[in-house]
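Residue-level structural notes
Below, each chain spelled out in residue letters.
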Amino acid sequence: MDTCGVGCVALGEAGPVGNMTVVDSPGQEVLNQLGVKVPSETTSVEASIEMSLPTPLPGFEDSPDMRRLPPEQESLSRLEQQDLSSEMSKVSNPRASKPARKRGSRTRKGPKRPQQRKAPSAPLVPGLLDQSNPLSTPMPKKRSQKSKGDLLLLKLSKGLDQPESPPSKRPPEDFETPSGERPRRRAAQVALVYLQELAEELSSTLPAPVTCPKSPKASSPTRLKKTQQQAACHGGEENATAQDEDFVLQVEAEDGGESEAPSEALSDPEPAVPRSTPRGSTSGKQKPHFRGVAPNGLPNYIMAPVWKCLHLTKDLREQKHSLWEFAEWIPLAWKWHLLSELEAAPYLPQEEKSPLFSVQREGLSEDGTLYRINRFSSVTAHPERWDVSFFTGGPLWALDWCPVPEGSAASQYVALFSSPDMNETHPLSQLHSGPGLLQLWGLGTLQPESCSGNRAHFVYGIACDHGCIWDLKFCPSGAWELPGTLRKAPLLPRLGLLALACSDGKVLLFSLPHPEALLAQQPPDVMKPAIYKVQCVATLQVGSMQASDPSECGQCLSLAWMPTRPHHHLAAGYYNGMVVFWNLPTNSPLLRIRLSDGSLKLYPFQCFLAHDQAVRTLQWCKVNSHFLVSAGSDRKIKFWDLRRPYEPINSIKRFLSTELAWLLPYNGVTVAQDNCYASYGLCGIHYIDAGYLGFKAYFTAPRKGTVWSLSGSDWLGTIAAGDISGELIAAILPDMASNPVNVKRPAERRFPIYKADLVPYQDNPEGQDLSSASSGIPDPPKARTYAETVNHHYLLFQDTDLGSFHNLLHREPMLRMQEGEGHSQLCLDRLQLEAIHKVRFSPNLDSYGWLVSGGQSGLVRIHFVRGLTSPLGHRMQLESQAHFSAMFQPSSPTKGPGFPLASHRLLSNP
C-alpha cells in the first residue's frame, strides 16, 4: 500500500491493547543532512491520523533501532539540495502559482478551507495497514495538518528509504496527489465503488435476464457529459477539471457474458444513495438495452419479460408442482346419479336462447350476420382467427380452467357457473340457498392443427342446491390422470378436484371424472345434455364440532388453493372479513368427521379476521406458500405471513378492489378496482408492490368503468381485464424486479382483445344495418330488465386481430380504446348486458395463449392471443410432449375433444 507521511501506523494482530507498527521514517540525521527543519508537531505521523490511540508502551518510545540510509543515497549532491530548496519556496505560497479565476466563473459553495486537509493515503482500516515494524513514535497531543512542503519532503524521504509495501486490496486507482495539482475526490470514488457492489449484490438475488439481442459492448468507461461541459466553459481550468472525472469501475462480465453499453440518460454523476432509497433501485449497474422489433411487431424491450417468464414458469413448475395427490379421492360411478328431464328442469338456466349478437373482426370483411344460439350450444371456430362463442343460459359469475400436466396434449376443459335467472339479485349480507347448475365445457385440444374446425361442447352439469357459486378453484396439480387409465369398477379416471365457494357459507369439494369414462356408463338414449346429482367428497365448513354455525361468517366469496405441492391447504374468504384455512388430508378427530353417506365434513385448523368487511379476493404466493394477499370491501389490500397471522406484513388502503392477480416472478400484485372510490383519472388497473422493494404503484391501464375481473398468465407475464363497459384488454407487464417509475410509454404495452357494445335496432333486427350504431338515431327508453333489453338491442363484438401487432398504435381498435380511456360515457341506470364479469387465462403450457371471458349476457368467448406466443414456447411444448410420452406412454392417443361422437350430441343451432 502506498503511503505518504513520516510514518504509517498499523494495528497489530493480538493483545488486549493492540500492537502497532510503523513503517520506516527518516531519522533526525537525514533531516539534518537535508538541511530542513521540521516542527515538533509534525514530526510524527499520528498528527495526520484522525483517531485516538493508546499511550505508547514502555520501551517503544524513540527506539534507537532505526535503519540508516544506503551510502549511495546519503551522499546527496548540493545541486539536489538547491532543487529541494527551490521547490520549498514554490510550495510555501501555493496560491501564487495558480492562474487568477475569471470573473463570472462558478466557484465552489461553502466556507473556504485549506487546499489539502489530509495526506493522500488510503483510509486507515484494519487489514489495509502495514504491520512490518514496531511502534516508534509518540502519540500526538492534538490534531494538525501538514503543508505541501512537509508532504513533498516526506514523499521524497519515503522514496529513498521505505521498502515497497504489499499491494492493496482496494480497486486499482491512483490515490496519490501529484505535486502542484488538485487532489482527487476519493470520497466520490469510494461511494461509487460501494454503490456498484450494492447493486451487484441486489441483482444477484433477482432472476437472471433472458437472452435478448445483444447491445453494443462498451470497451472502456466513457466520460461524463457534465465534466466535458464544465471543461469547455472553464478554459483556464482544463487541467484541474480533467482530474475531477468521476470514477467508473470496469467489471469484467462473468462467464463470458456480454458487457452493457452506458446509457446517455445516466450522464450526470450519481449522488450518494440516501438511506431511504428503496431496495432494488438501479443505482450502479445499468440494464441491458433491448433494441429492435420482435417478429410480432412489438419492440423487444416489451417482449423481453415475456420470454423470461416462459423460462421461470417452466422451471418453477418442475419444482413446485406434483404429478399425483389426494389418491383417496377417486370418482365413484355410483355417486353420479343422472337426472331425468323433469328432475333437471329446476336446475337449468331459464333462458333457452341467447341474445342476438354479431361479430366484426379487424381486417376481415364481415357480412354483419346476426347470431342467436341455443342454450348449451356453440358457434364453430372462425377458420382464420379461431375464436369460439357459446351460450351458458345465464350471467356468468365463476370460471376456471382445469389444469393438465405439461406435454399431455389433452383436451382442455373449463368449469363455470351461471345464475339461473338473468334478473336474479339477492343481498350479500344474508345466506342464500337455491338450485343452480355447475357446468363443465370441453374446448378440444386447442392445438394449431385442430383449431380451425373446433367448437365448444357442453360435457355434463352438476346440480347444486347451495345457491350462487361465487368462486371456484381447481387443484393446481396432481389431480389429473390419463383418460385411458384402467381402473376397477366402480372407480373412474379422475379429471380434477374442484372446490366451490357457495352463498350458503359452505365450501364443496368435488372429484370430477373424465367425460369419456362417465358417459360410457350411461345408455346411449339418455337425455342430452347430461345433468347429474353428485355427492361431494368433502364439505368444508367454518366453526367446530361443538359450534358449527355457518351464519356467523356469512357467504363464502373467494377461494385460494395452495399452489405448491402437496396442495393440502385451501383458503376461503367470507363476508364478515374472516379468512379460513382447511387441512384437506387431516386425520384429526376434531377436524374430520365421516358422515353417514360416506362423505367428509372438515373444520378449519386456522382462521383470523383479515378485514373489517367482506373478503372479495384471495391469492397465494406461487413461490412460497407462507405468504398470502387479500383484498376486502374495507378498501384495504393486506399481505400476510401465515406463520404470524396476527399482523399483516403490509396494509395498503386504496380504492375498492374487485380482484387481483399475483404473477409468478414478481414481488407484488396487479389489482382491479371499482370506480366508486377511485380518484378522477386513476380508475383502472394498478400494480402494487408488496413492500419489500418499496416501489410506488404502477398504473398499468386506465379504465372508465368498474373492472369486474382480472387474470394473469404466468407464461406470458400478461394480465387481462374485463370491465362493465364490455371491453376486454390485455397489458404486458414490464420487468417489475426494477423500479416501474422508469418505464417509458406504458400505452404501448396494452391492447384491446374485443369490445362489446349494446346497439339499438328497429322493428326488423335481421334487416338492420350495423351502421345504425353510429348514426344519430336516438336510443330507445332505458331498459332495466333482460327482456326489455333484448327486445330493443343486440350485442356487437368488435374483435382485434391478435395474430400480429405491427403498427398497433395507429390501428382502429387501439385508437378506439384510447378514445374510450379519455372520455367515455357510462349509463348505469340500465341493465349492463355487455358487461364482462369473468376473465381467465389458461394456466396450461399446451394452451398458454388462450383466454376465456364471459359476462352478463351469458355468452362466453374464447380467444387465442397468437401474437404473444413465440418459437420458444412452441419448443417448450414439443419438449414437454416428448417427456410426457416417455414417462406415461399412453396406449392410444386422444382424438378430437376426447370422447366418442356416438356418446355425445349437440343441440341444433338456429
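Our structure is the block above this text.
Treat the numbers as computed from the prediction; the structure is a model and nothing was measured. (Residues numbered from 1 in each chain as written. Predicted model: local features only at pLDDT ≥ 70, side-chain atom pairs only at ≥ 80, totals over all residues. Heavy atoms only, no water.)

Here's the deal with the pattern of salt bridges
Put simply, the rule is: Any carboxyl oxygen of Asp or Glu that lies within 4 Å of a side-chain nitrogen of Lys or Arg is treated as forming a salt bridge with it. Each helix is a run of H or I in the DSSP string that is no shorter than four residues. Each strand is a run of E no shorter than two, and both are numbered from the N terminus. Only protein chains enter the accessibility calculation, which uses a 1.4 Å probe. A residue is then buried if its area is under 20% of the maximum for its type, exposed if over 50%, and partly exposed in between.
If you walk through the whole model with that rule in mind, you get 23 salt bridges. Its salt-bridge partner being E821, residue R750 comes within 3.1 Å of it at the nearest N-O pair. Of this pair, R750 sits in strand β33 (residues 750–760) while E821 is found in helix α12 (residues 812–823), placing the two residues 71 residues apart along the sequence. Its relative accessible area of 13% is what places E821 among the buried residues.

Some points on the sheet that holds strand β5 (residues 378–379)
Short version of the rule: Being paired, for any two strands, means DSSP has found at least two bridges between them.
The strand order across the open sheet built from five strands is β5-β6-β37-β36-β35, with neighbouring strands paired in antiparallel fashion. Taken across any chain shown, the strands that pair with only one partner, and hence form the sheet edges, are β5 and β35 (836–841). Here β5 pairs with strand β6 (residues 388–391) via two bridges, running antiparallel. Paired with V379 across the bridge in β6 is S389.

Focus: the nonpolar core
How we decide: Grouping buried Ala, Val, Leu, Ile, Met, Phe, Trp, Tyr and Cys residues that are joined through side-chain atoms within 4.5 Å yields what is termed a nonpolar core.
Formed by 63 residues in total, the largest nonpolar core has its most connected members in L298, L728, F751, I753, F797 and L868. Ranked by residues supplied to this core, first place goes to helix α8 (residues 300–320) with six residues. Grouped together as the second largest cluster of nonpolar side chains are 40 residues, Y413, L472, L492 and L519 included.

Examining the packing of α8 against helix α13 (residues 871–888)
The condition that has to hold: Orientation is described by lines fitted to C-alpha atoms, with helices fitted over the stretch in contact, and by angles between N-to-C directions that extend from 0 to 180 degrees. Should an angle lie under 35 degrees it is considered roughly parallel, over 145 roughly antiparallel, and from 65 to 115 roughly perpendicular; all remaining angles are considered oblique. Should any heavy atoms of two residues lie within 4.5 Å, those residues are counted as being in contact. Residue polarity follows a fixed list, in which Ala, Val, Leu, Ile, Met, Phe, Trp, Tyr, Cys and Pro are nonpolar, Asp, Glu, Lys and Arg are charged, and the others, Gly among them, are polar.
At a closest axis distance of 10 Å, the pairing of α8 and α13 adopts a crossing angle of 20°. Compared by their axis directions, α8 and α13 come out roughly parallel. Facing α8, whose interface residues are W307, L310, H311 and K314, α13 presents L872, G873, M876 and S880. Tallied by class, the residues present in the contact of α8 with α13 amount to four nonpolar, three polar and one charged.

Some details on the packing of aromatic side chains
Short version of the rule: Each Phe, Tyr or Trp ring (for Trp, its six-membered ring) is paired with any other whose centre lies within 6.5 Å, and the angle between the two planes then decides the class: stacked below 30 degrees, edge-to-face above 60, tilted in between. In our convention, an over-ring charge means Lys NZ or Arg CZ found within 6 Å of a ring centre and within 35 degrees of that ring's normal.
Inspection of every chain in the model, using the stated rule, returns 22 aromatic pairs. Ring geometry for W441 versus F458: centroids 5.5 Å apart, planes at 80°, classification edge-to-face. One end of the pair, W441, is in strand β9 (residues 436–444); the other, F458, is in strand β10 (residues 457–464), with 17 residues separating them in the sequence. Each member of the pair, W441 as well as F458, is classed as buried. Both rings, one in F751 and one in F805, keep their centres 4.7 Å apart while their planes meet at 50°; by these two values the pair is tilted. Separated by 54 residues along the polypeptide, F751 in strand β33 and F805 in the loop between β34 (793–799) and α12 bring together distant segments of the chain. With respect to burial, F751 and F805 carry one shared label: buried. A network of ring pairs unites the aromatic residues F357, Y371, Y754 and F797 as a single cluster. In this structure, R494 packs its charged tip against the face of W324, placed 4.3 Å from the ring centre.

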